[in-house]
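What follows is each chain in one-letter form.
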Amino acid sequence: MRAQSLAPAAAGATLLAFTTASTAAHPREPVRVEPVSRVSRVSAADLLDKLDACEPVSTGRYRTDADAPADIPVCGTQDAVFWKADIDIDCDGRPGSRCNHTTDPWFWPSTAYKQSDGRYLNAETLPFIVVPAPSRIWDHRAHGVGAGSVAAVIHDGRIQYAVVGDIGPHHLIGEASYATAKGLGLRPDPRSGGAPSGVTYVVFKNTRVTHIEDHEEAVAQGEALVRKLVRNE
């Protein structure tokens, strides 16, 4: 893991600012989609084929790690934004047996967004991704992306549906929760897990699950949105 999602010195103020601004991340009413039958799932290969060409929506490029080159753009389609990077493990949020100060030297007991009951997210059990803090490189809020936006993470033929649940450093990209990595069949250890490359993150614009912790709804919306993107339905 490169670094904790938010610097300790500014965490309180920054988290409050992003939480307060979360509703501004959705300039229009969120897109609501009906659940899709399990038999109509789209393959990871079909989805990647649809995202083969990149039309950059970021004005600059991101690094995957502090010492890596800045060569990753955020790309866009009419309905989604996406990027191709590595996956570092975000263990921040409510501590548990797998995510705590002992297992993760960068652990921070909070996330940028909270559950509907006011508690911070649980990285061990909830698949979520991390988006970079708004900057001159890119501001996710201007593209209808914010707390609870529906995401699909693709690696090695698998699709893991998730939500936007945390905010990371403004110059880095490529991070997701312990549960996301585990769902992709990757080693989710915050010290040495994840994957160095080959991970595609897709976030659907102006979408939001009713309760950020409701993974079943994220899957239902995600499957329908992916099918619509791939099959132009």
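Refer to the structure printed above.
Every value quoted in this text rests on a predicted model; they were computed, and no experiment measured them. (Residues numbered from 1 in each chain as written. Predicted model: local features only at pLDDT ≥ 70, side-chain atom pairs only at ≥ 80, totals over all residues. Heavy atoms only, no water.)

### Structural notes on the overall build of the protein
Of regular secondary structure, the protein possesses 4 helices and 7 strands. The proportion of buried residues among the 233 residues of the protein is 55%. Summarising the internal contacts of the protein: among those between residues at least 6 apart in sequence, 76% fall at separations of at least 24. Element-wise, carbon and sulfur atoms account for 50% of the exposed surface of the protein, whose accessible area totals about 10,300 Å². (Helix = DSSP H or I, 4+ residues; strand = E, 2+ residues; numbered from the N terminus. Buried < 20%, exposed > 50% of the residue type's maximum accessible area, 1.4 Å probe, protein only. Contact = heavy atoms within 4.5 Å. Areas by Shrake-Rupley, 256 points an atom, 1.4 Å probe, with all protein chains shown as cover.)

### With respect to the packing of aromatic side chains
Tallied over the full model, the rule gives 2 aromatic pairs. Relative to Trp-138, the ring of Trp-83 lies with its centre 6.0 Å away and its plane at 65°, an arrangement referred to as edge-to-face. With Trp-83 in strand β2 (residues 80–90) and Trp-138 in the loop between β3 (128–132) and β4 (150–155), this residue pair connects regions lying 55 residues apart in the sequence. Note on Trp-83: relative accessible area 1%, which makes it buried. Exposure remark for Trp-138: the relative accessible area of 3% places this residue in the buried category. (Phe/Tyr/Trp six-rings, centres within 6.5 Å; stacked < 30°, edge-to-face > 60°.)

### Considering the nonpolar core
Counting residues in hydrophobic clusters, the biggest one holds 61 residues, and the most contacted among them are Trp-83, Ile-87, Ile-129 and Tyr-201. Per-element accounting of this core gives the leading share, 7 residues, to β2. (Core = buried A, V, L, I, M, F, W, Y, C linked by side-chain atoms within 4.5 Å.)

### Thoughts on the pattern of salt bridges
Under the definition given, this model contains 2 salt bridges. Measuring nitrogen to oxygen at the nearest pair gives 2.9 Å for the salt bridge that ties Asp-117 to Arg-119. A relative accessible area of 44% means that Asp-117 is categorised as partly exposed. In this structure, Arg-141 engages Asp-139 in a salt bridge whose closest nitrogen and oxygen atoms are separated by 3.0 Å. A residue is classified by how much of its surface remains accessible, and Arg-141, at 29% relative accessible area, is partly exposed. When its relative accessible area of 24% is taken as the criterion, Asp-139 is described as partly exposed. (Salt bridge = Lys/Arg side-chain N within 4 Å of Asp/Glu carboxyl O.)

### Here's the deal with the environment of Val-199
Within the secondary structure layout, Val-199 lies in strand β7 (residues 195–204). Residues within four places of Val-199 in sequence aside, it is in contact with Trp-83, Lys-84, Ala-85, Asp-86, Ile-87, Val-153, Ile-154 and His-155.

### A word on the state of the cysteines
The tally for this structure, following the rule as stated, stands at 2 disulfides. Bridging Cys-54 to Cys-75, the disulfide has an S-S length of 1.9 Å. Disulfide Cys-54-Cys-75: the torsion about the S-S bond is -95°, which places it as left-handed. Of this pair, Cys-54 sits in the loop between α2 (44–50) and β1 (75–76) while Cys-75 sits in strand β1; the two residues are 21 residues apart in sequence, bridging distant segments of the chain. Note on Cys-54: relative accessible area 37%, which makes it partly exposed. Counting only the cysteines that take part in disulfides, in the order they occur along the protein, gives the pairing 1-2, 3-4. (Disulfide = S-S within 2.5 Å.)

### Section: the pairing of strand β5 (residues 158–168)
Consecutive side chains along a regular strand alternate between the two faces of the sheet. Burial runs high along β5: 9 of the 11 residues are buried. Strand direction decides the pairing type here: β4 and β5, joined by 6 bridges, are antiparallel. Note on β5: the bridge partner recorded for Val-153 is Gln-160. Taken together, β4 and the strand that follows it, β5, pair antiparallel across an intervening segment of 2 residues, in which Asp-156 is found at a positive phi of about 50°. (Pairing = 2+ DSSP bridges.)

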